[in-house]
Amino acid sequence: MDFTDKKAIVTGGTRGIGRAIVLDLASNGCNVVFTYFSSDEAALELEKEASEFGVKAFGIKADAAQFSEAQKTVDFAVEKLGGVDILVNNAGITKDGLMLRMSEDDFDKVVNANLKSVFNYTKCVMKPMMGQRYGKIINISSVVAIIGNAGQANYVASKAGVIGMSKSNAREFASRNITVNVVAPGFIETDMTSKLNEKQKEAILTGVPLKREGKPEEIAKVVSFLASSDSDYITGQVISVDGGMAM
Ligand code: NAP
C-alpha cells in the first residue's frame, strides 16, 4: 500500500483499535493526526512511536461528540499536515445496561460519542475532500449493529446508525471520488472488552466460529486497505472482521 504524502485523521487513537490503526497507517508511510479524550501521556507516547516510521504524527485532545472540537481537529490537520485525504471515525464508548434500567443520559452519551461524532467529522472533512475530489472515509461500527445484543440498546443503535449514515454518504459523495466504507469488528481484545468477566467472554466466544478474540492489528489491516488506493472501487460496504460471528 502506498500512502506517500497522504494525510489521515483517526479519532480515538490512543488505545485499542484506534492505536493499531494509527500505527499501521504510519508504518505504511501515512501522515496522521489522531484524537483522544483523556490521556495526554498516551498521546505523547503514540506521537513518538508513530513518527519513528518517518511520518508526521500529532495527537490532539478533542471530544468527538462535539462539533466544534471536530472542526478544531480538521483545522489542526490542515495546518499541520496540509490537508485531509483519509478519515477514520473510530472513537467510541459503551455504557451497557438493560433497557429497563438504561438512563436517558447513558443513551445520549453513547449515541453522541459513537454516532454524532461520525456526523461531526464527516461534515468537517467535506470541504477539504470535496475541494481535492478525493477522500477515503472509514467508519468503525460493530458486529452487534448487525446481530443485536441484549444490554446494549444504546450502543447497537449508535453503531447501526453508523452503517446507515455511511451508506447514504457513500451515495452522496461518490460523484466527488470520495468513498465511504464501514468496518464491523467482532470481539476484539482491548480495554473496552477487558471490562467483561471470564464467564461473559466464554459466552461470546461460543458464537465465534474461529473460537478466539480478534487483535486490534487485525482490524487495522482492513482499515488501511480501505484507506488505500487498492480499494478505489469499493464504497458503501460493511466489512465484518469478526471471526465469523455474523454470516
Ligand atoms: P477503547 O480501547 O476503549 O479505546 C477507545 C479510544 O477512543 C480511546 O483512545 C479513547 O480516548 C477514545 N475516545 C473515547 N471517547 C472519545 C471521545 N468522545 N472523543 C475522542 N476520543 C474518544 O476502544 P476499542 O475497543 O479500541 O474500540 C474502538 C472502536 O471500535 C469503537 O468505536 C468501538 O465501539 C469499536 N468496536 C470495538 C470492539 C471491541 O471488541 N473492542 C468491537 C466492535 C467495535 P481516551 O483513552 O483518551 O479516553
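Before going into details, it helps to say that this report is about the structure given with it. Bear in mind that the values here come from a model prediction, so they are computed numbers and not experimental data.

From N to C terminus, the protein includes 9 helices and 7 strands. Its C-alpha radius of gyration of 17 Å places the protein within 12% of the 18 Å reference for a compact globule of 247 residues. For the C-alpha atoms alone, the extent of the protein along its principal axes is close to 45 × 35 × 35 Å. Looking at the 247 residues of the protein, the share that counts as buried comes to 50%. As displayed, the protein offers around 11,700 Å² of accessible surface, 53% of which is attributable to carbon and sulfur atoms. Treating the 28 positive side-chain charges of the protein as one cloud and the 30 negative ones as another, the clouds have centres 4 Å apart.

A word on the nonpolar core. Formed by 32 residues in total, the largest nonpolar core has its most connected members in Ile21, Leu25, Ile138 and Val183. Tallying contributions element by element places helix α1 (residues 16-27) first for this core, with 7 residues. Contacts of Ile138, omitting those with residues within four sequence positions, involve Ile86, Leu87, Val88, Asn89, Asn181, Val183, Val223, Leu226 and Ala227. Residues Ile60, Ala64, Ala77 and Val125 belong to the second largest nonpolar core, which totals 23 residues.

To continue, consider the state of the cysteines. Counted by the stated rule, this structure contains 0 disulfides. In this structure Cys30 is not part of a disulfide, and its nearest cysteine sulfur, from Cys124, lies 19 Å away.

Let us now look at the environment of Met165. As for its placement among the helices and strands, Met165 is situated in helix α6 (residues 153-173). Judged by relative accessible area, Met165 falls into the buried class, the value being 19%. In this structure, the C-alpha to C-alpha distance between Met165 and Arg101, residues 64 residues apart in sequence, is 28 Å. Discounting chain neighbours no more than four positions away, the residues touching Met165 are Leu115, Val118 and Phe119.

Our next topic: the site of the ligand. Contacts to the ligand come from 29 residues, most closely from Arg15, Ser38, Asn90, Tyr155 and Thr190. Within the backbone of Gly12, a nitrogen or oxygen atom sits 3.5 Å from an oxygen atom of the ligand. One nitrogen or oxygen atom from the main chain of Ile188 is found 2.9 Å from an oxygen atom belonging to the ligand. Relative to its free-state accessible area of 900 Å², the ligand is covered by the protein chains to the extent of 95%. Counting residues per element, the ones that place at least two in the shell around the ligand are α1, α6 and α7 (191-194). Residues of the shell around the ligand, tallied by class, amount to 13 nonpolar, 12 polar and 4 charged.

Calculation criteria
Residues numbered from 1 in each chain as written. Predicted model: local features only at pLDDT ≥ 70, side-chain atom pairs only at ≥ 80, totals over all residues. Heavy atoms only, no water. Helix = DSSP H or I, 4+ residues; strand = E, 2+ residues; numbered from the N terminus. Rg over C-alpha atoms; globule rule 2.2 N^0.38 Å. Buried < 20%, exposed > 50% of the residue type's maximum accessible area, 1.4 Å probe, protein only. Areas by Shrake-Rupley, 256 points an atom, 1.4 Å probe, with all protein chains shown as cover. Lys, Arg positive; Asp, Glu negative; His and termini not counted. Charge placed at Lys NZ, Arg CZ, Asp CG, Glu CD. Core = buried A, V, L, I, M, F, W, Y, C linked by side-chain atoms within 4.5 Å. Contact = heavy atoms within 4.5 Å. Disulfide = S-S within 2.5 Å. Near = heavy atom within 4 Å. Polar contact = N/O pair within 3.5 Å; in protein donor to acceptor, adjacent residues only side chain to side chain. Nonpolar A, V, L, I, M, F, W, Y, C, P; charged D, E, K, R; others polar.

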